[in-house]
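As a plain string of letters, each chain reads:
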Amino acid sequence: MSTLDTDRLVARHYETLPYPARNPKDEAKRLIEGSPSALPEIRHWIFGGALPAGLRVLFAGGGTGDGCIMLAQQLKDAGIAATVTHLDMSAAAQKVAAERAAVRGLDIQFVAGSLLDVERLAPGPYDYIDCCGVLHHLDAPAAGLAALRSVLARGGGMGLMVYGRIGRSGVYDVQEALRLLSPEEDAPAARLNVAKRLLPGLPATNRLRRNEAVTDHAVGGDAGIFDLLLHSRDRAYDIEGFVGLIEDGGLGVTALIEPARYQPETYLADPQLRRLATALDPRGRAMLAERLAGNIARHVAYAVHPDHEAVPPDPLEEAAVPVWSRTGPEQMIAAMGQDRVLKLVLDGLSYRFPLPQSAPAILRHVDGRATVGEIAARAKVGGFEKAWPATFAVLNGISRLFLARP
Ligand SMILES: C[S@@+](CC[C@H](N)C(=O)[O-])C[C@H]1O[C@@H](n2cnc3c(N)ncnc32)[C@H](O)[C@@H]1O
């Protein structure tokens, strides 16, 4: 199939089934939060804890608006002046995003067209660019990244997400099976019908059925099934391929999200193996972690220009303010229980992170306003200088706690 034919099928896909499926009425009930682009996360990993005045934000391939609505709402709640632009080639997706914004009273500019034409359509420049789940659908992802880089301001950064090759085990088996049963040119409704007939009866040994990290076909409705299993163009990356794409594009990675999932020690108990893993360079460490975990179905990275100066605050910086994301102290203290081991399940795997004995006594005082100096004074625990950075590292490693510089 020619590139143009595939372009046409991808465009038809997102016009027919905007992704992800969202009902604007639900905005009255809940805010969908995640990575990339949560406000505390971008402030920490890109802006050294302090946002530039008049933040300019672009969502490239913003779809039905999840990330865009989240960040615009968080900025509004925090009283931060910013301009937010949503660019997408799907009018149907933009309509949903615009209705969601209207329900919330958010001021978002909508620009229709391809991100490959961003310089002409919406030249910015931008301090922050979100491109989540889009580059891997382009004929030339590097060209897409280059187009975005051309409108990225000095000192700014990007939040990028692409599919993870290993975590998507089984997805491409079923994509290929469906292509055999239902040609790509068939109407989307006919292809969906074939997929829905196939899925319930997949053999127990089918790799998609065994993969707990991929759930879109089970929870994402028709749009989820189509995007996952009937897409005409998607490619998946292993972590070295993704980092290579970013670095070849003239950018550097400041963080892989969630950081703990890219640390081999998260998956290794044996002391000798841990020592061997520690000796690897950062690329090798991330590669090893991805191979061991097997459940990273999407890679999220923050990327900046190579001469970027801002770095996240040190956890012991007295004036820094720890800020929660998607959780709070009660929830995290409950999750670590009496044994001070934080337990959580992510994409089918149970994670266990040991914490210092004094972690709850410290975290009780982390309210999103108190500085590190104030928390130390209020918590009054011995060995704060060691216990707090260790606690912060775990919670930052799962993207729940970040630092801001007021
Ligand atoms: C998988 S959806 C992701 C949507 C959103 N970023 C999210 O994470 O929820 C991909 C989106 O990218 C858009 N898209 C694909 N190629 C594009 C391009 N060249 N320029 C602009 N948008 C594009 C599609 O229309 C679709 O809305």
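Computed from a prediction, not measured in an experiment: that's the story for all the values here.

Undergrad: A description of the environment of Val-194 should follow, citing residues and the corresponding values.
TA: For Val-194, the position within the fold is in helix α8 (residues 188-198). A relative accessible area of 22% means that Val-194 is categorised as partly exposed. Excluding its chain neighbours within four sequence positions, the residues that come into contact with Val-194 are Leu-178, Leu-181 and Ser-182.

Undergrad: Now, about the side chain of Arg-285: what can you tell me, with residues and values included?
TA: Along the chain, Arg-285 falls in helix α14 (residues 282-293). A relative accessible area of 18% places Arg-285 in the buried class. Once you skip the residues sitting within four places of it in the chain, Arg-285 turns out to touch Tyr-262, Gln-263, Pro-264, Glu-265, Ala-277, Thr-278 and Leu-280.

Undergrad: Go over the environment of Asp-222, please, and point to the residues and values.
TA: If you trace the backbone, Asp-222 turns up in helix α11 (residues 221-229). Residue Asp-222 is classed as partly exposed on the basis of its relative accessible area, which comes to 31%. For the pair Asp-222 and Ala-195, spaced 27 residues apart in the sequence, the C-alpha separation amounts to 9.8 Å. If we skip the residues at most four places from it in the chain, Asp-222 touches Leu-17, Leu-192 and Lys-196. There is a polar contact of 2.7 Å between the side chain of Asp-222 and the side chain of Lys-196.

Undergrad: Now, about the site of the ligand: what can you tell me, with residues and values included?
TA: Near the ligand, the surroundings consist of 18 residues, among which Gly-61, Asp-88, Ser-114, Leu-115 and Cys-132 are the closest. In the model, a nitrogen atom of the ligand is placed 2.9 Å from a nitrogen or oxygen of the Cys-132 main chain. Its residues assigned to classes, the shell around the ligand shows eight nonpolar, eight polar and two charged.

Undergrad: Would you mind going over the packing of aromatic side chains in detail, with residue names and values included?
TA: By the definition in use, this model includes five aromatic pairs. Each ring, one from Tyr-267 and one from Tyr-351, has its centre 6.2 Å from the other, and the planes form 65°; the classification is edge-to-face. Here Tyr-267, found in the loop between β6 (252-257) and α13 (271-278), pairs with Tyr-351, found in strand β10 (residues 349-354); they are 84 residues apart in sequence, far enough to count as distant. Each of the two residues, Tyr-267 as well as Tyr-351, counts as buried. With a centroid separation of 6.3 Å and 10° between ring planes, the pair formed by Phe-384 and Trp-388 is classed as stacked. In this pair, Phe-384 and Trp-388 are both assigned in helix α18 (residues 384-397), four residues apart and thus about one turn of the helix distant. Exposure remark for Phe-384: the relative accessible area of 6% places this residue in the buried category. By relative accessible area, Trp-388 is classed as buried at 0%. Every member of this aromatic cluster is reached through a ring pair, and the members are Tyr-267, Tyr-351 and Phe-353.

Rules and cut-offs
- Residues numbered from 1 in each chain as written.
- Predicted model: local features only at pLDDT ≥ 70, side-chain atom pairs only at ≥ 80, totals over all residues.
- Heavy atoms only, no water.
- Helix = DSSP H or I, 4+ residues; strand = E, 2+ residues; numbered from the N terminus.
- Buried < 20%, exposed > 50% of the residue type's maximum accessible area, 1.4 Å probe, protein only.
- Contact = heavy atoms within 4.5 Å.
- Polar contact = N/O pair within 3.5 Å; in protein donor to acceptor, adjacent residues only side chain to side chain.
- Near = heavy atom within 4 Å.
- Nonpolar A, V, L, I, M, F, W, Y, C, P; charged D, E, K, R; others polar.
- Phe/Tyr/Trp six-rings, centres within 6.5 Å; stacked < 30°, edge-to-face > 60°.

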